[in-house]
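# Close look at the chain arrangement
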Amino acid sequence: MQKPVQEIACPICRRANSSIESLNRQINQARTPKEKAPFAKQLIAKVEEVLQEHGDPTDDPISKGCRTVLSLRKQTAELILKAQKLG
């Protein structure tokens, strides 16, 4: 049984999604934090770029949701970089 495809409501995030998903796949396929680190850095840069496109935070629920998801992606990438420094 296939999962239903979820459409991203935000046009900014919809445009960036393929790049972000590609970087996530590369992170997941890498075996060690050292191998994951370059992709994590690229992901952080992409997330920051997309956050900039969103502009200042607003009360718009779609924008809030985007910012939350983007912030979680960035935090995850930052953890990979910390793990790489420890290893």
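What counts, and where the lines are drawn
- Residues numbered from 1 in each chain as written.
- Predicted model: local features only at pLDDT ≥ 70, side-chain atom pairs only at ≥ 80, totals over all residues.
- Heavy atoms only, no water.
- Axes fitted to C-alpha atoms, helices over the stretch in contact; angles between N-to-C directions.
- Helix = DSSP H or I, 4+ residues; strand = E, 2+ residues; numbered from the N terminus.
- Parallel < 35°, antiparallel > 145°, perpendicular 65-115°, else oblique.
- Left-handed = near helix turned anticlockwise from the far one by under 90°.
- Contact = heavy atoms within 4.5 Å.
- Nonpolar A, V, L, I, M, F, W, Y, C, P; charged D, E, K, R; others polar.
- pLDDT = per-residue confidence, 0-100.
- Expected span 1.5 Å × (residues − 1).
- Bend = angle between axes of the 7 residues up to and from the residue.
- Buried < 20%, exposed > 50% of the residue type's maximum accessible area, 1.4 Å probe, protein only.

## Focus: the packing of helix H1 (residues 11-29) against helix H2 (residues 33-54)
In the contact formed by H1 and H2, the axes pass within 9 Å of each other and the chain directions differ by 165 degrees. Considered as vectors, H1 and H2 are oriented roughly antiparallel to each other. Crossing handedness for the pair H1 and H2: left-handed. Where H1 approaches H2, its residues Ile12, Cys13, Arg15, Ala16, Ser19, Ile20, Leu23, Asn24, Gln26, Ile27 and Asn28 are matched on the opposing element by Lys36, Phe39, Ala40, Gln42, Leu43, Lys46, Val50, Glu53 and His54. Residues of the contact of H1 with H2, tallied by class, amount to ten nonpolar, six polar and four charged.

## Quick notes on the confidence of the model for the protein chain
Any segment with low pLDDT has predicted coordinates that should not be analysed in fine detail. With 93% of its residues at a pLDDT of at least 70, the protein chain reaches an overall mean of 91. Here helix H3 (residues 61-86) is the element of the protein chain with the lowest mean pLDDT, 93, and H2 is the one with the highest, 96.

## Here's the deal with the packing of H2 against H3
It is at 8 Å that the axes of H2 and H3 come closest, and there the two elements cross at 155 degrees. As judged from the angle between their axes, H2 and H3 are roughly antiparallel. In the crossing of H2 with H3, the sense of the turn from one axis to the other is left-handed. Its residues assigned to classes, the contact of H2 with H3 comprises 14 nonpolar, three polar and eight charged.

## Things to note about H1
Taking 1.5 Å of rise per residue, 19 residues should cover 27 Å, and H1 covers 28 Å from first to last C-alpha, within 8% of that figure. The sharpest bend along H1 comes to roughly 45 degrees, located at Asn17. All buried positions along H1 are accounted for by Ile12, Cys13, Ala16, Ile20, Leu23, Asn24 and Ile27. Tucked inside the fold, the buried residues of H1 contact H2 and H3.

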